[in-house]
Amino acid sequence: MPLRNGEVSHWMRRHPGDVPLAEVPATADLVVVGGGLTGLWTAYYAVRRDPGTRVVVLEAEQVGYGASGRNGGWMSPLLPGNRAVYARRAGAPAVVAFQRAMTDTVEECLAVMEREGIEADQVRGGQLSVARTEAGVARLRDVREGHLRYGFREEEVRLLDGPAVRARLAVDGARGGLLLPVTTRIDPAALVRGLARVLRERGVTICEQARVTSLSSGTVVSSRGSVRTNHTAVCAEAYTPALLGGRDVVPVSSAIVVTEPLPQATWQQIGWEARECLGDAAHTFVYCQRTADDRILVGGRGTPYAFGSGLPGDGEVDARTLAALERRLHSFFPGHDLPLAHAWRGVIGVTRDWCAGVLHDPATRTGVARGFAGHGVTATNLAARTLLDRLHGRRTALTALPWNDHDSGRWEPEPLRWLGIHGAYRLFAAADRWEEARGSRRTSLLARAGSRMAGLE
Ligand SMILES: Cc1cc2nc3c(=O)[nH]c(=O)nc-3n(C[C@H](O)[C@H](O)[C@H](O)COP(=O)(O)OP(=O)(O)OC[C@H]3O[C@@H](n4cnc5c(N)ncnc54)[C@H](O)[C@@H]3O)c2cc1C
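Scoring rules and cut-offs
- Residues numbered from 1 in each chain as written.
- Predicted model: local features only at pLDDT ≥ 70, side-chain atom pairs only at ≥ 80, totals over all residues.
- Heavy atoms only, no water.
- Helix = DSSP H or I, 4+ residues; strand = E, 2+ residues; numbered from the N terminus.
- Rg over C-alpha atoms; globule rule 2.2 N^0.38 Å.
- Buried < 20%, exposed > 50% of the residue type's maximum accessible area, 1.4 Å probe, protein only.
- Contact = heavy atoms within 4.5 Å.
- Areas by Shrake-Rupley, 256 points an atom, 1.4 Å probe, with all protein chains shown as cover.
- Lys, Arg positive; Asp, Glu negative; His and termini not counted.
- Charge placed at Lys NZ, Arg CZ, Asp CG, Glu CD.
- Axes fitted to C-alpha atoms, helices over the stretch in contact; angles between N-to-C directions.
- Parallel < 35°, antiparallel > 145°, perpendicular 65-115°, else oblique.
- Nonpolar A, V, L, I, M, F, W, Y, C, P; charged D, E, K, R; others polar.
- Near = heavy atom within 4 Å.
- Polar contact = N/O pair within 3.5 Å; in protein donor to acceptor, adjacent residues only side chain to side chain.
- Phe/Tyr/Trp six-rings, centres within 6.5 Å; stacked < 30°, edge-to-face > 60°.
- Lys NZ or Arg CZ within 6 Å of the ring centre and 35° of its normal.
- Pairing = 2+ DSSP bridges.
- Salt bridge = Lys/Arg side-chain N within 4 Å of Asp/Glu carboxyl O.

Caption draft 1: Fine view of the overall build of the protein chain. Per the secondary structure count, the protein chain includes 13 helices and 19 strands. A globule of 457 residues ought to have a C-alpha radius of gyration of about 23 Å, and the protein chain, at 21 Å, matches this closely. Dimensions of the protein chain, computed from C-alpha atoms along their principal axes, come out at roughly 65 × 50 × 45 Å. Looking at the protein chain as a whole, 59% of its 457 residues are labelled buried. Here the analysis covers contacts within the protein chain between residues at least 6 apart in sequence; of these, 78% occur between residues at least 24 apart. With an accessible surface of roughly 18,100 Å², the protein chain has 51% of that area assigned to carbon and sulfur atoms. For the protein chain, the separation between the mean place of its 56 positive charges and that of its 49 negative charges on side chains is 4 Å.

Caption draft 2: Spatial organisation of the packing of helix H3 (residues 83–90) against helix H4 (residues 92–116). Orientation of H3 relative to H4, taken along the N-to-C sense of each, is 130°, at an axis distance of 7 Å. In this view, H3 runs oblique relative to H4, as classed from their interaxial angle. Facing H3, whose interface residues are Arg-83, Tyr-86, Ala-87 and Ala-90, H4 presents Ala-92, Ala-94, Val-95 and Phe-98. Taken together, the residues that form the contact of H3 with H4 break down as 7 nonpolar, no polar and 1 charged.

Caption draft 3: Looking closely at unusual backbone geometry. In this structure, Val-8 takes a positive phi of about 70° despite not being glycine. Looking at where Val-8 falls in the secondary structure, it is placed in the loop between strand E1 (4–5) and helix H1 (10–14). Backbone geometry places Trp-354, a non-glycine residue, at a positive phi of 60°. Relative to the elements of secondary structure, Trp-354 occurs in the loop between strand E17 (340–351) and strand E18 (357–361).

Caption draft 4: Representation of the packing of H4 against helix H11 (residues 376–391). It is at 9 Å that the axes of H4 and H11 come closest, and there the two elements cross at 100°. Looking at the two axes, H4 sits roughly perpendicular to H11. Between H4, through Phe-98, Ala-101, Met-102, Thr-105, Val-106, Glu-108 and Cys-109, and H11, the contact on the second element is made entirely by Thr-378, Ala-379, Asn-381, Leu-382 and Arg-385. In terms of residue class, the contact of H4 with H11 is built from 7 nonpolar, 3 polar and 2 charged.

Caption draft 5: Structural view of the site of the ligand. Looking at the ligand, there are 38 residues lining it, with Thr-38, Glu-59, Ser-68, Val-212 and Val-377 nearest. One of the backbone N or O atoms of Gly-73 is found 3.4 Å from an oxygen atom in the ligand. A distance of 2.9 Å separates an oxygen atom of the ligand from a polar backbone atom of Val-377. With the chains in place, 97% of the 1,000 Å² that the ligand exposes on its own is no longer accessible. The set of elements that each furnish at least two residues to the shell around the ligand consists of helix H2 (37–49), strand E13 (249–259), E17 and H11. Residues belonging to the shell around the ligand are distributed by class as follows: 19 nonpolar, 15 polar and 4 charged.

Caption draft 6: Quick look at the packing of aromatic side chains. Counted under the stated rule, the structure contains 10 aromatic pairs. Here the aromatic rings of Tyr-44 and Tyr-45 are separated by 5.1 Å at their centres, their planes lie at 80°, and the arrangement is edge-to-face. For the pair Tyr-44 and Tyr-45, a shared accessibility class is recorded, and that class is buried. Linked through ring pairs, Tyr-86, Phe-98, Phe-372 and Trp-403 together constitute an aromatic cluster. Taking NZ or CZ as reference, Arg-70 lies 4.8 Å from the ring centre of Tyr-65, over its face. Positioned above the aromatic ring of Trp-267 is the side chain of Arg-290, whose terminal nitrogen or guanidinium carbon lies 3.8 Å from the ring centre.

Caption draft 7: Layout of the sheet that holds strand E16 (residues 296–300). Pairing within the open sheet is mixed, and its 9 strands lie in the order E1-E17-E13-E16-E15-E14-E5-E7-E6. Strand pairing shows two members of the sheet lacking a second neighbour, E1 and strand E6 (158–161), which therefore form its edges. Where E13 lies against E16, 4 bridges are found, and the strand directions are antiparallel. Counted as the bridge partner of Ala-255 is Gly-300 from E16.

Caption draft 8: Local environment of the pattern of salt bridges. Within this structure, the stated rule accounts for 24 salt bridges. Between Glu-7 and Arg-4 there is a salt bridge, and its shortest N-O distance comes to 3.2 Å. Of the charged contacts, one joins Arg-13 and Glu-7 as a salt bridge, the two residues approaching to 3.5 Å between their closest N and O atoms. Residue Arg-13 is classed as partly exposed on the basis of its relative accessible area, which comes to 42%. Using a relative accessible area of 38% as the deciding quantity, one classes Glu-7 as partly exposed. One salt-bridge network, in which partners are shared between bridges, spans Glu-273, Arg-275, Arg-290 and Asp-294.

Caption draft 9: Representation of the environment of Thr-386 within the structure. If you trace the backbone, Thr-386 turns up in helix H11. Separated by 99 residues in sequence, Thr-386 and Tyr-287 place their C-alpha atoms 28 Å apart. What Thr-386 contacts, discounting residues up to four positions off in sequence, is Val-358, Leu-398, Thr-399, Trp-403 and Asn-404.

What follows is the structure in structure tokens.
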């Protein structure tokens, strides 16, 4: 079969939406802009807390069209953002509280899915980062220390030696690993479609192909009509600058490839029985999963950023990125026949300090949640509940978390932005090559320079 490239994602093809277009109502209590996970969770909690609330979701394309229907399916407890930055502003105890809230949020998502009958191939196999160099092993030890300092418990972060990793799955050259057992594998489009079904059953109006073109206090204008509203939640993540303008967030690309379903003979050699979400400790990080229909999915950053904050459209992947992902797949699992079936990409929303923010303007009764930086599958649920508390002026444990009104600064104008992001990614790739070639035990200075350039330190 020829490789399918683009077409939003393998997940969205598996779960096509076939719902007739809903009219845009003239009035609402809450308008949600964006039909991704942030928007759908916001609508869900709005009607769950008060079933009489009139909620309208306006989505430019179809629900799940953005990152929420294209991602790697890791429902992970990791924070969206740089813990040191949050701690500098709000203190370490606030970051610990944030971490506990994120870990609880995995439980919350799974509980809702169970209660509402949403089947998204969820399997709690944990998240396994594999080190294939000595520098990577040292880095995983440091990462674990950081996790413990910022709110993880001992049993939530387990170091594994090489044989223990290889007993789980045969990643070539594995020297050690770090396991976070809470993380759960999902099919992201099944979650999005399931949530949309639940919302429609509860009377939420989801208007697809309704692109919002302007927002003002109390009125949201879309390509299919305007809505007068009490509250507005902007949930457009990497698409936020295209809607609101400004340089708060840039869209950074992440690309994925899946194989054809693999035969049982291959799985007997690879293992991967627990369906761990698999990553590695390299600087050019990749994320993988074994899908419910027995494919291997590999994702990574590839060509990171399009000049002028360009958006990915239907997600075609360039040849260089595709070749890099395929190389990584074969380097993890050499000697196997791993035919590729589908490649696609999407964009993550990244702020200047890589921290997410839940923002609220009481004057316009508008809230914004964005900047999940590739860690949004779980965080969007927490953001949604926080956003609703903010919109209704409640002071809760959630509104005290350090991402509330977090000011990340602004990205540089072009061409500096393009040069900086591309430069940082090149340094990460060079650092990986250097560590692999020298068998170094220490993280390369090139990676440190890349982190500084990207705003990660
Ligand atoms: C390839 C990839 C892999 C990823 N893997 C993971 C992972 O494994 N784990 C993890 O935690 N995170 C992952 N992420 C990040 C995660 O998917 C996102 O953080 C999360 O889905 C963001 O959800 P959202 O609803 O905020 O944004 P989105 O899902 O992007 O939704 C925004 C929606 O707004 C709509 N929209 C845009 N403009 C307008 C407008 N003007 N009017 C109306 N609607 C508009 C878009 O069409 C879109 O549907 C990944 C992201 C990508 C791209």
